[in-house]
Amino acid sequence: MKITMQHFLIIKCRMEMKRILLPLIVMLFTAIQLVAQVPDRGRPKFDPKAFEMKMEQYVSTAAGFTPAEASKFFPLYREMHRKLRGCFDEMRMYRHVDTNDDEASYKAIKRLDEIDLEMKELQQRYHAKLLKVVPAGKVMKVIKAEERFHRQAFKQILESPKN
């Protein structure tokens, strides 16, 4: 078989492509693996269950709950927070209202005010239920401890390293 100049050029071109493409492919796969290993720019992914557990532990310690009090208190507390989270989720939808549209802005303001009132009424109802299972002083300690916990958690997020 006779190799012509055209065949020679094709073979040479293929060899050049392999020499260039192979390192590019290796670098691409390496970059993909590195990006996959670092969630959300170096910050660990938020785990709602772990957050809830830490908050309950913090609140329980601050309030000085006995195991019996904690077993009565936390089911109601979780139920209240689940319902409040629904309100916060609805409020979050209104972040994207077109502020140049006065009618849409007006409706959003009215609805956000209604949600605020619903949340306060929800808190009042659940505080009344909580007061039936633990003393008022402990409920107040929980309210204060929860505020402290959220402030500390927010501060940790702000101080965490950003890559």
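Residues numbered from 1 in each chain as written. Predicted model: local features only at pLDDT ≥ 70, side-chain atom pairs only at ≥ 80, totals over all residues. Heavy atoms only, no water.

Draft legend 1. Structural view of the pattern of salt bridges. Under the criterion given, the structure shown has 9 salt bridges. Its salt-bridge partner being Arg-111, residue Glu-90 comes within 2.7 Å of it at the nearest N-O pair. Residue Glu-90 is located in helix 3 (residues 67-93), and its partner Arg-111 is located in helix 4 (residues 102-133); the two are separated by 21 residues in the primary sequence. A relative accessible area of 18% places Arg-111 in the buried class. One salt bridge in this structure joins Glu-103 and Lys-107, with 3.4 Å as the shortest N-O distance. With Glu-103 and Lys-107 both in helix 4 and 4 residues apart, this pair spans about one turn of that helix. No difference in accessibility class separates Glu-103 from Lys-107, as the two residues are exposed. (Salt bridge = Lys/Arg side-chain N within 4 Å of Asp/Glu carboxyl O. Helix = DSSP H or I, 4+ residues; strand = E, 2+ residues; numbered from the N terminus. Buried < 20%, exposed > 50% of the residue type's maximum accessible area, 1.4 Å probe, protein only.)

Draft legend 2. Molecular detail of the packing of helix 3 against helix 4. Relative to each other, helix 3 and helix 4 sit at 180 degrees, their axes nearing to 10 Å. Overall, the two elements helix 3 and helix 4 adopt an arrangement that is roughly antiparallel. Residue-level inspection shows Lys-72, Phe-73, Leu-76, Tyr-77, Glu-79, Met-80, Lys-83, Leu-84, Cys-87, Phe-88, Glu-90 and Met-91 of helix 3 in contact with helix 4, the latter providing Arg-111, Leu-112, Ile-115, Asp-116, Met-119, Leu-122, Gln-123, Tyr-126, His-127, Lys-129, Leu-130 and Val-133. Considered class by class, the residues forming the contact of helix 3 with helix 4 number 15 nonpolar, 2 polar and 7 charged. (Axes fitted to C-alpha atoms, helices over the stretch in contact; angles between N-to-C directions. Parallel < 35°, antiparallel > 145°, perpendicular 65-115°, else oblique. Contact = heavy atoms within 4.5 Å. Nonpolar A, V, L, I, M, F, W, Y, C, P; charged D, E, K, R; others polar.)

Draft legend 3. Focus on the confidence of the model for the chain. Confidence along the chain averages 84 in pLDDT terms, with 80% of residues attaining 70 or more. Mean pLDDT in the chain bottoms out at helix 1 (residues 5-37), which sits at 68, and peaks at helix 4, which reaches 95. (pLDDT = per-residue confidence, 0-100.)

Draft legend 4. Summary view of the side chain of His-81. Looking at the secondary structure, you find His-81 in helix 3. A polar side-chain atom of His-81 sits 3.0 Å from a polar atom in the side chain of Glu-146. (Polar contact = N/O pair within 3.5 Å; in protein donor to acceptor, adjacent residues only side chain to side chain.)

Draft legend 5. Up close: the packing of helix 3 against helix 5 (residues 136-159). Close contact between helix 3 and helix 5 brings their axes to 13 Å; oriented N to C, the two are set at 50 degrees. When the interaxial angle is binned, helix 3 and helix 5 end up oblique. Where helix 3 crosses over helix 5, the handedness of that crossing is right-handed. Between helix 3, through Glu-69, Phe-73, Tyr-77 and His-81, and helix 5, the contact on the second element is made entirely by Lys-138, Val-142 and Glu-146. For the contact of helix 3 with helix 5, a count of residues per class yields 3 nonpolar, 1 polar and 3 charged. (Left-handed = near helix turned anticlockwise from the far one by under 90°.)

Draft legend 6. Geometry of the packing of aromatic side chains. Enumeration over the complete set of coordinates arrives at 7 aromatic pairs. Residues Tyr-58 and Phe-149 carry aromatic rings whose centres are separated by 5.6 Å and whose planes lie at 45 degrees to one another, so their mutual orientation is tilted. A residue pair is termed long-range when its members are at least 10 positions apart, and Tyr-58 in helix 2 (residues 48-63) and Phe-149 in helix 5 qualify at 91 residues. Classification of Tyr-58 by relative accessible area gives partly exposed; the value is 25%. Take Phe-149: its relative accessible area is 11%, and that puts it in the buried class. Three or more aromatic residues joined by ring pairs form one cluster here, namely Phe-65, Phe-73, Phe-74 and Tyr-77. Just above the ring of Tyr-126 sits the side chain of Lys-129; from NZ or CZ to the centre is 4.4 Å. (Phe/Tyr/Trp six-rings, centres within 6.5 Å; stacked < 30°, edge-to-face > 60°. Lys NZ or Arg CZ within 6 Å of the ring centre and 35° of its normal.)

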